[in-house]
Amino acid sequence: MAGTNRAALAAETPGPVVILVRPQLGENIGMSARAMLNCGLTELRLVAPRDGWPNPTAVAAASGADLVLERATLYPTAAAAVADLTRVFATTARQREQVKPVVTARRAALEARGHVAAGERVGILFGPERTGLDNDEVALADTLLQVPLNPAYSSLNLAQAVLLAGYEWYQAGVELPERRLATNASPPVERGRLLGFLERLESELGRVGFFHPAEKRGGMARNLRAIFLRSELTDQEVRTLQGVLSALLGAKLGRAQGGGAPPAGAPALPEADEGMDREGDDDDGTADQRLG
């Protein structure tokens, strides 16, 4: 998904080191770098890449994550790549007959956050595409990182694995709400304005006999209000609803037919105020009903 805002690059914060052990394809290195930068990770270590380094195919696949590739460092062995780290997670889909804690990517992210906050250096080992890490490389880690997936098919591309681990790391530090309403700069409607619309709606529904039988009017009106109150309406949306109601009542029928008066017998309507029917007045005196 596109969405990069290069003018809003966040300040770099410490994060886990991503270590690719014997990666085979330059494209996978580049896509891993892209996944890292998506998640705010910038330190990449490469252990004996098969096709050497630097690799032009990695640059093309990185799609602009040049910062990560430019800073990437080379190591001859996995042991050398983790020598200065204090905590190491090894990604593996198989049990290696080694007694080690096994955590999900989400749990690993939480633990890594704690270690980094304490000033420790954390790394995540990823093995080569075809075989994964060997037993001696897994032995370098204190914790195994596994991703629960479909047991019938749990194979991941190298960059996918990096993205999953990086995503959980990033999410563990994000304080934004999981759900929010994008209102396009229109503020939430004030309760008084919304209630004014609802009172007008209920009045007109009562006039045409909607509330039947009469003794159920209270409950029916409350149900109607519940529908609108849980909808998180904006000020502009309520103005639009006022315009819709006016149109249905015939106040705008004459305008739509060329400016004539409302049809005979149409009910007299209250004067429109800012909260009813003057959203976006034009120079010609007409009003637009906009949804945004």
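In the block above lies the structure referred to throughout.
Just so you know, these numbers come straight off a predicted model, no measurement behind them.

What counts as what
Residues numbered from 1 in each chain as written. Predicted model: local features only at pLDDT ≥ 70, side-chain atom pairs only at ≥ 80, totals over all residues. Heavy atoms only, no water. Buried < 20%, exposed > 50% of the residue type's maximum accessible area, 1.4 Å probe, protein only. Helix = DSSP H or I, 4+ residues; strand = E, 2+ residues; numbered from the N terminus. Pairing = 2+ DSSP bridges.

Regarding the pairing of strand 1 (residues 17-21)
Walk down a regular strand and you will see the side chains alternate between the two sheet faces. Of all 5 residues that make up strand 1, 5 are buried, and the element is covered over most of its length. Burial along strand 1 is two-sided: V17, I19 and V21 and V18 and L20, pointing in opposite directions, are all buried. Pairing of strand 1 with strand 6 (residues 122-126), which is carried by 4 bridges, proceeds in the parallel orientation. Directly across from V18, in strand 6, lies its bridge partner I124. Relative to strand 2 (residues 44-47), strand 1 runs parallel, the two being bridged by 4 bridges. Among the inter-strand pairings, L20 is bridged to a residue of strand 2, identified as L46.

Side note on unusual backbone geometry
Note that the residue after W53, namely P54, is joined by a cis bond; omega there is 0 degrees. Here P54 is to be found in the loop between strand 2 and helix 2 (56-62). In this structure, P213 follows H212 across a cis peptide bond, with omega equal to 0 degrees. Mapping P213 onto the fold places it in the loop between helix 8 (191-207) and helix 9 (217-229). Even without a glycine there, the phi angle at E232 is positive, about 55 degrees. Locating E232 in the fold gives a position in the loop between helix 9 and helix 10 (235-248). For E232, a relative accessible area of 43% puts it in the partly exposed group.

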